[in-house]
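# Overview (structure and organization)
If you want the building blocks of each chain, they are given just below.
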Amino acid sequence: MIDTPSPHLDRSTVDAVEARALAALAHAATLEDLRAAQAAVLGKRGELTELNAVIGTLADTDRKAAGAVLNEARARLTAAFGARAEALEAGARTARLDAERLDLTETLPGPQRGSLSLVTQTRDALEDTFVGMGFVVAEGPEVESDWHNFEALNMPPAHPARSGFDTLYLEWGEQESTLLRTHTSPVQIRLMLDQPPPIYAVMPGRVYRKDTPDARHTPSFSQIEGLVVDRGISFGDLAGTIDTFTRAYFGPQISARLRPAYFPFTEPSAEFEITCTICEGAGCRTCSGTGWVELGGCGMVHPNVFAAVGIDPEEWTGFAFGFGIDRLAQMRYAIPDMRVLADNDLRFTAQF
Ligand code: PHE
(Lines give C-alpha, C1' and ligand atoms only; values in the text may rest on other atoms or scores of the structure.)
Protein backbone atom coordinates (compact mmCIF):
# COMPACT_ATOMS: atom_id res chain seq x y z
CA MET A 1 0.00 0.00 0.00
CA ILE A 2 1.29 3.39 -0.81
CA ASP A 3 0.58 5.84 1.94
CA THR A 4 1.85 8.94 0.27
CA PRO A 5 1.39 8.69 -3.44
CA SER A 6 4.47 9.79 -5.22
CA PRO A 7 3.95 12.05 -8.14
CA HIS A 8 6.02 9.62 -10.21
CA LEU A 9 5.07 6.03 -10.83
CA ASP A 10 8.24 4.42 -12.05
CA ARG A 11 8.65 0.95 -13.36
CA SER A 12 10.85 -0.16 -10.48
CA THR A 13 8.00 0.45 -8.00
CA VAL A 14 5.71 -1.75 -10.05
CA ASP A 15 8.44 -4.35 -10.52
CA ALA A 16 9.01 -4.52 -6.77
CA VAL A 17 5.27 -5.04 -6.13
CA GLU A 18 5.19 -7.73 -8.79
CA ALA A 19 8.27 -9.51 -7.39
CA ARG A 20 6.80 -9.55 -3.86
CA ALA A 21 3.53 -10.90 -5.18
CA LEU A 22 5.30 -13.70 -7.09
CA ALA A 23 7.29 -14.64 -3.97
CA ALA A 24 4.05 -14.85 -1.97
CA LEU A 25 2.57 -16.98 -4.77
CA ALA A 26 5.51 -19.36 -4.62
CA HIS A 27 5.07 -19.67 -0.86
CA ALA A 28 1.38 -20.43 -0.93
CA ALA A 29 1.02 -24.11 -0.13
CA THR A 30 -2.78 -24.15 -0.16
CA LEU A 31 -5.51 -22.59 -2.25
CA GLU A 32 -6.43 -20.37 0.70
CA ASP A 33 -2.87 -19.06 1.03
CA LEU A 34 -2.86 -18.42 -2.68
CA ARG A 35 -6.15 -16.51 -2.66
CA ALA A 36 -4.92 -14.35 0.23
CA ALA A 37 -1.69 -13.58 -1.63
CA GLN A 38 -3.66 -12.76 -4.77
CA ALA A 39 -6.04 -10.44 -2.91
CA ALA A 40 -3.07 -8.65 -1.31
CA VAL A 41 -1.80 -7.57 -4.70
CA LEU A 42 -4.73 -7.64 -7.15
CA GLY A 43 -7.72 -7.26 -4.81
CA LYS A 44 -9.79 -4.10 -4.35
CA ARG A 45 -7.30 -2.82 -1.81
CA GLY A 46 -4.32 -4.70 -3.14
CA GLU A 47 -0.90 -3.17 -3.65
CA LEU A 48 -1.13 -3.02 -7.43
CA THR A 49 -4.70 -1.78 -7.37
CA GLU A 50 -3.76 1.06 -5.08
CA LEU A 51 -1.06 2.11 -7.49
CA ASN A 52 -3.90 2.97 -9.89
CA ALA A 53 -4.67 5.89 -7.61
CA VAL A 54 -1.25 7.30 -8.34
CA ILE A 55 -2.06 7.60 -12.01
CA GLY A 56 -4.56 10.33 -11.29
CA THR A 57 -1.80 12.44 -9.71
CA LEU A 58 0.52 12.18 -12.68
CA ALA A 59 1.09 14.65 -15.41
CA ASP A 60 -1.10 14.01 -18.47
CA THR A 61 1.90 13.03 -20.53
CA ASP A 62 2.97 10.31 -18.06
CA ARG A 63 -0.44 8.76 -17.43
CA LYS A 64 -0.68 6.58 -20.51
CA ALA A 65 2.69 4.92 -20.03
CA ALA A 66 2.10 4.38 -16.31
CA GLY A 67 -1.30 2.90 -17.02
CA ALA A 68 0.26 0.47 -19.50
CA VAL A 69 2.95 -0.62 -17.02
CA LEU A 70 0.29 -1.29 -14.37
CA ASN A 71 -1.98 -3.17 -16.76
CA GLU A 72 0.82 -5.34 -18.02
CA ALA A 73 1.88 -6.22 -14.50
CA ARG A 74 -1.74 -6.99 -13.59
CA ALA A 75 -2.13 -9.24 -16.62
CA ARG A 76 1.05 -11.18 -15.82
CA LEU A 77 0.13 -11.62 -12.18
CA THR A 78 -3.46 -12.64 -12.99
CA ALA A 79 -2.16 -15.32 -15.33
CA ALA A 80 0.44 -16.53 -12.81
CA PHE A 81 -2.09 -16.78 -9.96
CA GLY A 82 -4.59 -18.51 -12.24
CA ALA A 83 -2.09 -21.16 -13.30
CA ARG A 84 -0.95 -21.77 -9.75
CA ALA A 85 -4.56 -22.07 -8.55
CA GLU A 86 -5.24 -24.71 -11.16
CA ALA A 87 -2.22 -26.72 -10.11
CA LEU A 88 -3.16 -26.52 -6.43
CA GLU A 89 -6.76 -27.52 -7.22
CA ALA A 90 -5.62 -30.57 -9.16
CA GLY A 91 -3.37 -31.59 -6.27
CA ALA A 92 -6.18 -31.12 -3.77
CA ARG A 93 -8.52 -33.22 -5.93
CA THR A 94 -6.04 -36.06 -6.08
CA ALA A 95 -5.50 -35.91 -2.33
CA ARG A 96 -9.26 -35.93 -1.74
CA LEU A 97 -9.77 -38.94 -4.00
CA ASP A 98 -6.95 -40.78 -2.28
CA ALA A 99 -8.47 -40.07 1.09
CA GLU A 100 -11.95 -41.11 0.00
CA ARG A 101 -10.89 -44.27 -1.84
CA LEU A 102 -12.54 -47.18 -0.09
CA ASP A 103 -10.05 -49.99 0.39
CA LEU A 104 -12.34 -52.96 0.89
CA THR A 105 -9.48 -55.31 1.62
CA GLU A 106 -8.57 -53.29 4.70
CA THR A 107 -11.81 -54.29 6.38
CA LEU A 108 -11.19 -58.02 5.91
CA PRO A 109 -9.43 -60.12 8.49
CA GLY A 110 -6.78 -62.57 7.40
CA PRO A 111 -5.82 -63.28 3.79
CA GLN A 112 -7.23 -60.59 1.55
CA ARG A 113 -7.74 -62.35 -1.77
CA GLY A 114 -11.05 -63.97 -2.57
CA SER A 115 -11.27 -67.55 -3.75
CA LEU A 116 -13.74 -69.87 -5.42
CA SER A 117 -16.21 -71.67 -3.19
CA LEU A 118 -14.96 -75.03 -2.01
CA VAL A 119 -17.84 -76.68 -3.88
CA THR A 120 -16.82 -74.95 -7.13
CA GLN A 121 -13.19 -75.92 -6.60
CA THR A 122 -14.23 -79.53 -6.01
CA ARG A 123 -16.48 -79.53 -9.06
CA ASP A 124 -13.64 -78.15 -11.22
CA ALA A 125 -11.23 -80.81 -9.95
CA LEU A 126 -13.80 -83.56 -10.62
CA GLU A 127 -14.39 -82.28 -14.15
CA ASP A 128 -10.64 -82.24 -14.76
CA THR A 129 -10.30 -85.81 -13.56
CA PHE A 130 -13.11 -87.09 -15.78
CA VAL A 131 -11.95 -85.07 -18.78
CA GLY A 132 -8.57 -86.73 -18.27
CA MET A 133 -10.36 -90.08 -18.50
CA GLY A 134 -11.96 -89.15 -21.83
CA PHE A 135 -15.35 -87.81 -20.70
CA VAL A 136 -16.97 -84.61 -21.96
CA VAL A 137 -18.79 -82.21 -19.61
CA ALA A 138 -22.49 -81.45 -20.20
CA GLU A 139 -25.14 -79.48 -18.33
CA GLY A 140 -28.90 -79.35 -18.05
CA PRO A 141 -31.53 -77.03 -16.54
CA GLU A 142 -32.29 -76.82 -12.81
CA VAL A 143 -36.00 -76.33 -13.50
CA GLU A 144 -37.13 -79.66 -14.95
CA SER A 145 -40.22 -81.41 -16.16
CA ASP A 146 -41.61 -84.33 -14.22
CA TRP A 147 -41.02 -86.42 -17.33
CA HIS A 148 -37.24 -85.79 -17.44
CA ASN A 149 -36.73 -85.97 -13.68
CA PHE A 150 -38.87 -89.05 -13.02
CA GLU A 151 -40.91 -90.62 -15.78
CA ALA A 152 -38.22 -91.13 -18.41
CA LEU A 153 -36.04 -92.50 -15.60
CA ASN A 154 -38.47 -95.37 -15.12
CA MET A 155 -40.36 -93.71 -12.28
CA PRO A 156 -43.98 -93.39 -13.51
CA PRO A 157 -46.45 -91.33 -11.42
CA ALA A 158 -46.97 -92.84 -7.97
CA HIS A 159 -43.75 -94.86 -8.19
CA PRO A 160 -42.64 -95.37 -4.56
CA ALA A 161 -39.07 -94.23 -5.30
CA ARG A 162 -40.38 -90.72 -6.01
CA SER A 163 -41.21 -90.14 -2.36
CA GLY A 164 -37.53 -90.56 -1.47
CA PHE A 165 -36.67 -87.43 -3.41
CA ASP A 166 -38.56 -84.80 -1.33
CA THR A 167 -39.38 -82.85 -4.46
CA LEU A 168 -39.90 -79.08 -4.60
CA TYR A 169 -42.59 -78.39 -7.24
CA LEU A 170 -43.13 -75.12 -9.06
CA GLU A 171 -46.51 -73.54 -9.70
CA TRP A 172 -46.17 -73.79 -13.46
CA GLY A 173 -48.35 -75.60 -15.95
CA GLU A 174 -50.30 -78.60 -14.74
CA GLN A 175 -49.99 -79.40 -11.06
CA GLU A 176 -46.69 -81.15 -10.21
CA SER A 177 -45.58 -81.07 -13.83
CA THR A 178 -42.64 -78.72 -13.21
CA LEU A 179 -40.08 -79.04 -10.46
CA LEU A 180 -36.60 -78.20 -9.26
CA ARG A 181 -34.58 -81.22 -10.32
CA THR A 182 -33.95 -83.58 -7.43
CA HIS A 183 -30.87 -85.12 -9.04
CA THR A 184 -28.67 -84.68 -12.11
CA SER A 185 -29.99 -87.90 -13.71
CA PRO A 186 -32.47 -85.98 -15.96
CA VAL A 187 -29.42 -84.64 -17.80
CA GLN A 188 -28.78 -88.26 -18.89
CA ILE A 189 -32.18 -88.16 -20.60
CA ARG A 190 -31.49 -84.82 -22.28
CA LEU A 191 -28.13 -86.01 -23.52
CA MET A 192 -29.48 -89.25 -24.98
CA LEU A 193 -32.30 -87.35 -26.70
CA ASP A 194 -29.81 -84.83 -28.08
CA GLN A 195 -27.18 -87.10 -29.56
CA PRO A 196 -26.74 -90.66 -30.72
CA PRO A 197 -24.35 -93.00 -28.85
CA PRO A 198 -21.51 -93.46 -28.16
CA ILE A 199 -21.75 -91.13 -25.15
CA TYR A 200 -19.07 -90.60 -22.51
CA ALA A 201 -20.17 -87.62 -20.40
CA VAL A 202 -20.21 -86.18 -16.90
CA MET A 203 -22.91 -83.72 -15.88
CA PRO A 204 -22.31 -81.57 -12.82
CA GLY A 205 -24.91 -79.22 -11.36
CA ARG A 206 -27.09 -78.01 -8.55
CA VAL A 207 -30.04 -80.08 -7.33
CA TYR A 208 -32.81 -79.41 -4.81
CA ARG A 209 -34.65 -81.39 -2.15
CA LYS A 210 -37.13 -80.37 0.50
CA ASP A 211 -34.70 -81.15 3.32
CA THR A 212 -34.30 -79.39 6.63
CA PRO A 213 -30.68 -78.24 6.85
CA ASP A 214 -28.51 -80.19 9.27
CA ALA A 215 -24.89 -81.33 9.49
CA ARG A 216 -25.28 -83.67 6.49
CA HIS A 217 -28.16 -82.10 4.49
CA THR A 218 -28.85 -78.80 2.75
CA PRO A 219 -31.94 -78.16 0.59
CA SER A 220 -29.70 -77.31 -2.34
CA PHE A 221 -26.52 -79.17 -3.17
CA SER A 222 -24.45 -80.24 -6.15
CA GLN A 223 -24.13 -83.61 -7.82
CA ILE A 224 -22.10 -84.94 -10.67
CA GLU A 225 -23.64 -87.52 -12.96
CA GLY A 226 -21.80 -89.86 -15.28
CA LEU A 227 -23.17 -91.62 -18.36
CA VAL A 228 -21.53 -94.04 -20.75
CA VAL A 229 -23.45 -95.55 -23.67
CA ASP A 230 -21.60 -97.65 -26.22
CA ARG A 231 -21.54 -101.10 -27.75
CA GLY A 232 -20.55 -103.90 -25.40
CA ILE A 233 -20.38 -101.87 -22.17
CA SER A 234 -20.45 -104.19 -19.15
CA PHE A 235 -20.74 -103.97 -15.40
CA GLY A 236 -16.97 -104.56 -15.32
CA ASP A 237 -16.50 -101.27 -17.20
CA LEU A 238 -18.61 -99.53 -14.57
CA ALA A 239 -16.61 -100.97 -11.67
CA GLY A 240 -13.31 -100.21 -13.37
CA THR A 241 -14.32 -96.64 -14.19
CA ILE A 242 -15.42 -95.91 -10.61
CA ASP A 243 -12.22 -97.36 -9.18
CA THR A 244 -9.98 -95.55 -11.70
CA PHE A 245 -11.72 -92.27 -10.94
CA THR A 246 -11.41 -92.80 -7.18
CA ARG A 247 -7.67 -93.41 -7.35
CA ALA A 248 -7.11 -90.57 -9.83
CA TYR A 249 -9.00 -88.10 -7.69
CA PHE A 250 -8.05 -89.14 -4.16
CA GLY A 251 -4.71 -90.85 -4.72
CA PRO A 252 -3.62 -94.51 -4.84
CA GLN A 253 -4.29 -95.18 -1.14
CA ILE A 254 -8.06 -94.73 -1.67
CA SER A 255 -10.07 -97.32 -3.62
CA ALA A 256 -13.74 -98.02 -4.35
CA ARG A 257 -16.09 -100.95 -3.86
CA LEU A 258 -19.66 -101.62 -4.96
CA ARG A 259 -22.55 -102.93 -2.88
CA PRO A 260 -25.91 -104.04 -4.24
CA ALA A 261 -28.57 -101.33 -4.19
CA TYR A 262 -31.75 -100.30 -5.97
CA PHE A 263 -32.42 -97.42 -8.34
CA PRO A 264 -35.37 -97.47 -10.77
CA PHE A 265 -33.26 -96.23 -13.68
CA THR A 266 -30.40 -98.72 -13.44
CA GLU A 267 -30.39 -102.51 -13.33
CA PRO A 268 -28.41 -103.97 -11.71
CA SER A 269 -27.73 -101.07 -9.35
CA ALA A 270 -25.07 -100.47 -6.76
CA GLU A 271 -23.97 -98.01 -4.17
CA PHE A 272 -20.31 -97.22 -4.35
CA GLU A 273 -18.19 -96.71 -1.33
CA ILE A 274 -14.67 -95.41 -1.11
CA THR A 275 -11.96 -95.93 1.48
CA CYS A 276 -12.65 -93.47 4.32
CA THR A 277 -10.50 -90.47 3.49
CA ILE A 278 -10.18 -89.47 7.13
CA CYS A 279 -8.67 -92.70 8.49
CA GLU A 280 -7.65 -94.23 5.15
CA GLY A 281 -9.46 -97.45 5.99
CA ALA A 282 -8.34 -97.99 9.59
CA GLY A 283 -11.80 -97.14 10.98
CA CYS A 284 -12.84 -93.90 12.64
CA ARG A 285 -15.92 -91.96 13.74
CA THR A 286 -16.69 -90.61 10.28
CA CYS A 287 -16.93 -94.13 8.78
CA SER A 288 -18.46 -95.68 11.93
CA GLY A 289 -15.39 -97.89 12.25
CA THR A 290 -15.94 -99.63 8.89
CA GLY A 291 -13.13 -97.96 6.91
CA TRP A 292 -15.58 -97.19 4.07
CA VAL A 293 -17.88 -94.27 3.31
CA GLU A 294 -20.74 -94.21 0.83
CA LEU A 295 -20.30 -91.78 -2.02
CA GLY A 296 -23.04 -92.36 -4.59
CA GLY A 297 -25.18 -94.61 -6.72
CA CYS A 298 -24.55 -96.34 -10.01
CA GLY A 299 -25.66 -99.14 -12.27
CA MET A 300 -26.35 -100.33 -15.81
CA VAL A 301 -28.79 -98.12 -17.71
CA HIS A 302 -32.27 -99.72 -17.44
CA PRO A 303 -33.81 -100.87 -20.75
CA ASN A 304 -36.92 -98.81 -19.96
CA VAL A 305 -34.75 -95.68 -19.87
CA PHE A 306 -33.31 -96.55 -23.28
CA ALA A 307 -36.86 -97.09 -24.51
CA ALA A 308 -37.93 -93.64 -23.25
CA VAL A 309 -35.22 -91.93 -25.31
CA GLY A 310 -35.42 -94.25 -28.32
CA ILE A 311 -32.09 -96.05 -28.01
CA ASP A 312 -32.08 -99.72 -29.00
CA PRO A 313 -31.01 -101.75 -25.93
CA GLU A 314 -30.11 -104.70 -28.16
CA GLU A 315 -27.41 -102.62 -29.85
CA TRP A 316 -26.28 -100.35 -27.00
CA THR A 317 -25.57 -100.84 -23.34
CA GLY A 318 -24.38 -98.36 -20.80
CA PHE A 319 -23.83 -97.39 -17.20
CA ALA A 320 -24.57 -94.35 -15.10
CA PHE A 321 -23.38 -93.05 -11.77
CA GLY A 322 -24.07 -90.04 -9.62
CA PHE A 323 -22.75 -88.59 -6.39
CA GLY A 324 -22.85 -85.48 -4.25
CA ILE A 325 -20.08 -82.94 -4.75
CA ASP A 326 -20.66 -81.22 -1.40
CA ARG A 327 -20.60 -84.58 0.36
CA LEU A 328 -17.35 -85.43 -1.34
CA ALA A 329 -15.79 -82.11 -0.29
CA GLN A 330 -17.11 -82.70 3.21
CA MET A 331 -15.32 -86.04 3.33
CA ARG A 332 -12.15 -84.90 1.67
CA TYR A 333 -11.67 -81.93 3.97
CA ALA A 334 -13.26 -83.51 7.07
CA ILE A 335 -15.90 -80.78 7.40
CA PRO A 336 -18.15 -81.65 10.34
CA ASP A 337 -21.15 -79.55 9.22
CA MET A 338 -22.14 -79.08 5.57
CA ARG A 339 -23.94 -75.81 6.22
CA VAL A 340 -20.63 -73.93 6.38
CA LEU A 341 -20.27 -74.56 2.62
CA ALA A 342 -23.02 -72.00 2.01
CA ASP A 343 -22.53 -69.73 5.02
CA ASN A 344 -19.94 -67.48 3.39
CA ASP A 345 -18.07 -67.14 6.68
CA LEU A 346 -14.55 -65.91 5.93
CA ARG A 347 -13.08 -67.88 8.81
CA PHE A 348 -14.11 -70.98 6.84
CA THR A 349 -13.77 -69.88 3.21
CA ALA A 350 -10.33 -68.34 3.69
CA GLN A 351 -8.93 -71.80 4.51
CA PHE A 352 -9.30 -73.01 0.93
N1 PHE B 1 -29.61 -90.01 -9.14
C2 PHE B 1 -29.31 -90.88 -8.03
C3 PHE B 1 -29.50 -90.09 -6.73
O4 PHE B 1 -29.55 -88.89 -6.75
C5 PHE B 1 -27.88 -91.38 -8.10
C6 PHE B 1 -27.64 -92.30 -9.26
C7 PHE B 1 -27.21 -91.79 -10.46
C8 PHE B 1 -27.84 -93.64 -9.17
C9 PHE B 1 -26.97 -92.60 -11.55
C10 PHE B 1 -27.62 -94.48 -10.22
C11 PHE B 1 -27.18 -93.96 -11.41
O12 PHE B 1 -29.61 -90.67 -5.69
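The sections below set out a description of the structure shown in this document. This one's a predicted model, so the numbers in the text were calculated from it and none came from an experiment. (Residues numbered from 1 in each chain as written. Predicted model: local features only at pLDDT ≥ 70, side-chain atom pairs only at ≥ 80, totals over all residues. Heavy atoms only, no water.)

### Observations regarding the overall build of the protein
Where we set the bar: Secondary structure follows DSSP: runs of H or I at least 4 residues long count as helices, runs of E at least 2 residues long count as strands, and numbering of each begins at the N terminus. Throughout, the radius of gyration refers to the C-alpha atoms, and the reference size of a globule is 2.2 Å times the residue count to the power 0.38. Each residue is placed in one exposure class: buried if its accessible area under a 1.4 Å probe, protein chains only, is under 20% of its type's maximum, exposed if it is over 50%, and partly exposed if it falls in between. Contacts are residue-level and defined by heavy atoms, with any inter-residue pair within 4.5 Å sufficient. The protein chains shown are the only cover counted for residues, whose accessible areas, like all others here, come from Shrake-Rupley with a 1.4 Å probe. By the counting rule applied here, Lys and Arg register as positive and Asp and Glu as negative, while His and the ends of each chain are not counted. Throughout, a charge is located at the NZ atom of Lys, the CZ atom of Arg, the CG atom of Asp or the CD atom of Glu.
In terms of regular secondary structure, the protein is built from twelve helices and nine strands. Relative to the globule expectation of 20 Å for 352 residues, the C-alpha radius of gyration of the protein, 41 Å, shows a markedly less compact shape. The buried share of the protein, taken over its 352 residues, is 41%. Taking all contacts inside the protein whose residues are at least 6 apart in sequence as the whole, residues at least 24 apart take part in 66%. About 19,100 Å² of surface is accessible on the protein, with carbon and sulfur atoms providing 53% of the total. A gap of 8 Å separates the mean positions of the 31 positive and 48 negative side-chain charges of the protein.

### Focus: a nonpolar patch on the surface
To be explicit about the condition: To count toward a patch, a residue needs a relative accessible area over 30% and no salt bridge; like charges are then connected within 9 Å, while nonpolar side chains (Val, Leu, Ile, Met, Phe, Trp, Tyr) are connected within 5 Å. Salt bridges are defined as contacts in which a side-chain nitrogen from Lys or Arg sits within 4 Å of a carboxyl oxygen from Asp or Glu.
Taken together, Val-143, Leu-170 and Trp-172 make up a surface patch of nonpolar side chains, about 320 Å² in accessible area. Within the element layout of this structure, Val-143 appears in strand 2 (residues 143-145).

### Looking at the side chain of His-302
Under the convention used in this document: Between N or O atoms, a polar contact is any pair within 3.5 Å; within protein, one atom must be a potential hydrogen donor and the other a potential acceptor, and residues adjacent in sequence are included only when both atoms are from side chains.
In this structure, His-302 sits in the loop between strand 8 (292-301) and helix 9 (303-309). Owing to a relative accessible area of 16%, His-302 belongs among the buried residues under this scheme. Within the structure, the side chain of His-302 is placed 3.5 Å from the side chain of Asn-154, a separation counted as a polar contact. In this structure His-302 touches Asn-154, Pro-264, Phe-265, Thr-266 and Glu-267, once residues within four positions along its chain are discounted.

### Some remarks on the pairing of strand 9 (residues 317-324)
Strand residues, when the strand is regular, have side chains that alternate between the two faces of the sheet. For clarity, the threshold we go by: A pair of strands is treated as paired once DSSP finds two or more bridges between them.
Judged by how many residues are buried, strand 9 sits mostly within the fold: seven of eight residues are covered. Pairing geometry for strand 5 (residues 220-230) and strand 9, over eight bridges, is antiparallel. Its bridge partner being in strand 9, Glu-225 is matched across the sheet by Gly-322. Note that strand 8 and strand 9 share five bridges and pair antiparallel. Among the inter-strand pairings, Gly-297 is bridged to a residue of strand 9, identified as Gly-322.

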